[in-house]
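A structural walkthrough
Spelled out from the first residue to the last, the chains are:
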Amino acid sequence: MSNPSKVYTLVTGASNGIGKALAENCAARGFNVLLVALPEPKLDEVTAALKQQYPNQSFDALGTNMMDKDSPQQIYDWCKSNNYDVDILVNNAGLGNSGPFLSRDSSFYFGQMQLNMVALVMLTHLFLPEMKSHSKAYVLNVGSMASFFDIPYKGIYSASKRFVYSFSRSLRKELEDTSISVTVLCPAAVLTNPDVIQRDKEMGRASKMTQQTPEEVAEYALNRTFRGRPVAIPGFMPKAYKALGRIIPYKTQMRMLANAFIKQSR
Ligand SMILES: NC(=O)c1ccc[n+]([C@@H]2O[C@H](COP(=O)([O-])OP(=O)(O)OC[C@H]3O[C@@H](n4cnc5c(N)ncnc54)[C@H](OP(=O)(O)O)[C@@H]3O)[C@@H](O)[C@H]2O)c1
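Residues numbered from 1 in each chain as written. Predicted model: local features only at pLDDT ≥ 70, side-chain atom pairs only at ≥ 80, totals over all residues. Heavy atoms only, no water.

- An unreviewed UniProt entry lists the protein under the name Short-chain dehydrogenase, with Roseivirga misakiensis given as the organism.
- Looking at the protein in UniProt, the text filed under Sequence similarities (unreviewed entry) is "Belongs to the short-chain dehydrogenases/reductases (SDR) family." (UniProt positions renumbered as here; feature names shortened; annotations may be inferred.)

Following this line, the structure appears as structure tokens:
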């Protein structure tokens, strides 16, 4: 006999950084959580820690490389075969970088676009039909402050995050008469992995002023999500940067951004 289905929050990129903080915060709110990330030991470590801390809730993990074309279907099939019913989908997994466009192989950008955009769309497409059967369901997509700017030396990343923002806003409108609310999270600097920490050092004050911890970002993002808000921009400075983007003339903005981000590229 198959197990009766249980309702879960599914978080991608849940083994580190913002995704880990989102998974932990959801667990603290009493939810069952499915953690998806690369098949590395830390995914199992994070999952085991949650199981130990919240013995009355359910947790499971799937290691998969979401740059692979078949990974979203694999995630969906894993949920189906285990009777995991998802009512909150958190599309967090993403890859950042900086440097001149030609400094990376095209395969790097292919993987980055696959992870940041294609996998996010495919997972949303797979899970939405069953999410509609819940009286309330949520999609939280992780964009970035980069969603609001054209960023030299970070062009594919910022374009991919603009995509996430635009897709999230338009999907939200499409779903306004359904039980599903869509929120897009747009954080600025969050010190999560050695790469981000190094890039942040090179950026200097402009980045330091926006810094937040993954835990602060997760708490704010989930509060906005469950209030049914369209956008979550955690922190005063990131909100100010977004506003400045509307005031500063485009040419000046581009010069400032190029100067700031070339520092990360040396
Ligand atoms: N950190 C920031 O300053 C910042 C700012 C704005 C937006 N964001 C966005 O926030 C999200 C999370 O960023 P983060 O800084 O928290 O990242 P992170 O610390 O590098 O963690 C990324 C998570 O995604 C997983 N992951 C990476 N590549 C994957 C793949 N190919 N398949 C499956 N899982 C994969 C990682 O697994 P492993 O740990 O095993 O690699 C990890 O669990 C991203 O979408 C990022 O663009 C971050």
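There is more to say, and it comes next.
1. Let's talk about the overall build of the protein
- A count of helices and strands for the protein gives 10 helices and seven strands.
- Scaling as 2.2 N^0.38, a compact globule of 266 residues should have a C-alpha radius of gyration of about 18 Å, and the protein matches this with 18 Å.
- In terms of principal-axis extent, the alpha carbons of the protein reach across some 65 × 40 × 35 Å.
- Pairs at least 24 apart in sequence give 71% of the contacts found in the protein among residues at least 6 apart.
- In the protein, the 30 positive side-chain charges and the 22 negative ones have mean positions that sit 11 Å from each other. (Helix = DSSP H or I, 4+ residues; strand = E, 2+ residues; numbered from the N terminus. Rg over C-alpha atoms; globule rule 2.2 N^0.38 Å. Contact = heavy atoms within 4.5 Å. Lys, Arg positive; Asp, Glu negative; His and termini not counted. Charge placed at Lys NZ, Arg CZ, Asp CG, Glu CD.)

2. Re the nonpolar core
- Judged by nonpolar contacts, the single largest core of 45 residues is most densely connected at Leu10, Leu34, Met66, Ile75, Cys79, Phe127 and Met131.
- If you tally residues by element for this core, the top one is helix α4 (residues 106-131), at eight residues.
- Look past the residues within four positions of cysteine 79 in its chain and what remains in contact with it is Leu10, Leu34, Tyr84, Val86 and Phe127.
- Residues Ala14, Ala27, Val33 and Val217 belong to the second largest nonpolar core, which totals 29 residues. (Core = buried A, V, L, I, M, F, W, Y, C linked by side-chain atoms within 4.5 Å. Buried < 20%, exposed > 50% of the residue type's maximum accessible area, 1.4 Å probe, protein only.)

3. What to know about the sheet that holds strand β7 (residues 231-232)
- In spatial order, the strands read β3-β2-β1-β4-β5-β6-β7; together these seven strands make up an open sheet with parallel pairing. Each having just a single partner strand, β3 (59-63) and β7 make up the two edges of the open sheet.
- Helix α1 (residues 17-28) rests against β1 (6-12), β2 (33-37), β3, β4 (84-91), β5 (137-142) and β6 (180-185) of the sheet, and its axis sits at about 160° to β1.
- Strands in contact with helix α2 (residues 41-53) are β2 and β3; relative to β3, the strand with the most contacts, it is inclined by about 175°. (Pairing = 2+ DSSP bridges. Axes fitted to C-alpha atoms, helices over the stretch in contact; angles between N-to-C directions.)

4. Comments concerning the pattern of salt bridges
- The final tally for this structure, using the stated rule, is five salt bridges.
- Residue arginine 162 pairs with aspartate 150 through a salt bridge whose shortest N-O separation is 3.0 Å. One end of the pair, arginine 162, is in helix α5 (residues 155-174); the other, aspartate 150, is in the loop between β5 and α5, and 12 residues separate them in sequence.
- Measuring nitrogen to oxygen at the nearest pair gives 2.9 Å for the salt bridge that ties glutamate 176 to lysine 173.
- Look at lysine 173 and you get exposed, because its relative accessible area is 53%. (Salt bridge = Lys/Arg side-chain N within 4 Å of Asp/Glu carboxyl O.)

5. Remarks on unusual backbone geometry
- The backbone of asparagine 83 shows a phi angle near 65°, a positive value even though the residue is not glycine.
- Structurally, the position occupied by asparagine 83 is in the loop between α3 (71-81) and β4.
- Positive phi values are uncommon outside glycine, yet tyrosine 153 reaches one of about 70°.
- Counting through the fold element by element, tyrosine 153 comes out in the loop between β5 and α5.
- Look at tyrosine 153 and you get partly exposed, because its relative accessible area is 27%.

6. Brief notes about the packing of α3 against α4
- Contact geometry of α3 with α4 gives a least axis separation of 9 Å together with a crossing angle of 30°. Comparing the axis directions of α3 and α4 gives the class roughly parallel. Classified by chirality, the crossing of α4 by α3 is right-handed. Between α3 and α4, the contacting residues are Pro72, Gln73, Ile75, Tyr76, Cys79 and Lys80 on the first element and Ala119, Met122, Leu123, Leu126, Phe127 and Glu130 on the second.
- Residues of the contact of α3 with α4, tallied by class, amount to nine nonpolar, one polar and two charged. (Parallel < 35°, antiparallel > 145°, perpendicular 65-115°, else oblique. Left-handed = near helix turned anticlockwise from the far one by under 90°. Nonpolar A, V, L, I, M, F, W, Y, C, P; charged D, E, K, R; others polar.)

7. Details of the environment of glutamine 253
- Here glutamine 253 shows up in helix α10 (residues 250-262).
- Taking the C-alpha atoms as reference, glutamine 253 lies 9.4 Å from isoleucine 151; in sequence the two are 102 residues apart.
- The contacts of glutamine 253, once residues within four sequence positions are left out, are Phe149, Gly245 and Ile248.
- In terms of polar contacts, glutamine 253 uses its side chain to reach the backbone carbonyl oxygen of isoleucine 248, at 3.1 Å. (Polar contact = N/O pair within 3.5 Å; in protein donor to acceptor, adjacent residues only side chain to side chain.)

8. Here we look at the packing of aromatic side chains
- Scanning all chains against the criterion turns up 10 aromatic pairs.
- Ring plane angle 85° and centroid distance 5.7 Å describe the contact between phenylalanine 31 and phenylalanine 226, whose orientation is recorded as edge-to-face. Remark: phenylalanine 226 occurs in helix α8 (residues 214-226) and phenylalanine 31 occurs in the loop between α1 and β2; sequence separation between them is 195 residues.
- Here tryptophan 78 and tyrosine 84 contribute two aromatic rings whose centre-to-centre distance is 5.4 Å and whose plane-to-plane angle is 75°, an arrangement assigned as edge-to-face. Tyrosine 84 shares its class with tryptophan 78; the two are buried.
- Ring pairing ties together the aromatic residues Tyr8, Trp78 and Tyr84, which thus form one cluster.
- Over the aromatic face of phenylalanine 108 sits the side chain of arginine 104, whose NZ or CZ is 4.2 Å from the ring centroid. (Phe/Tyr/Trp six-rings, centres within 6.5 Å; stacked < 30°, edge-to-face > 60°. Lys NZ or Arg CZ within 6 Å of the ring centre and 35° of its normal.)

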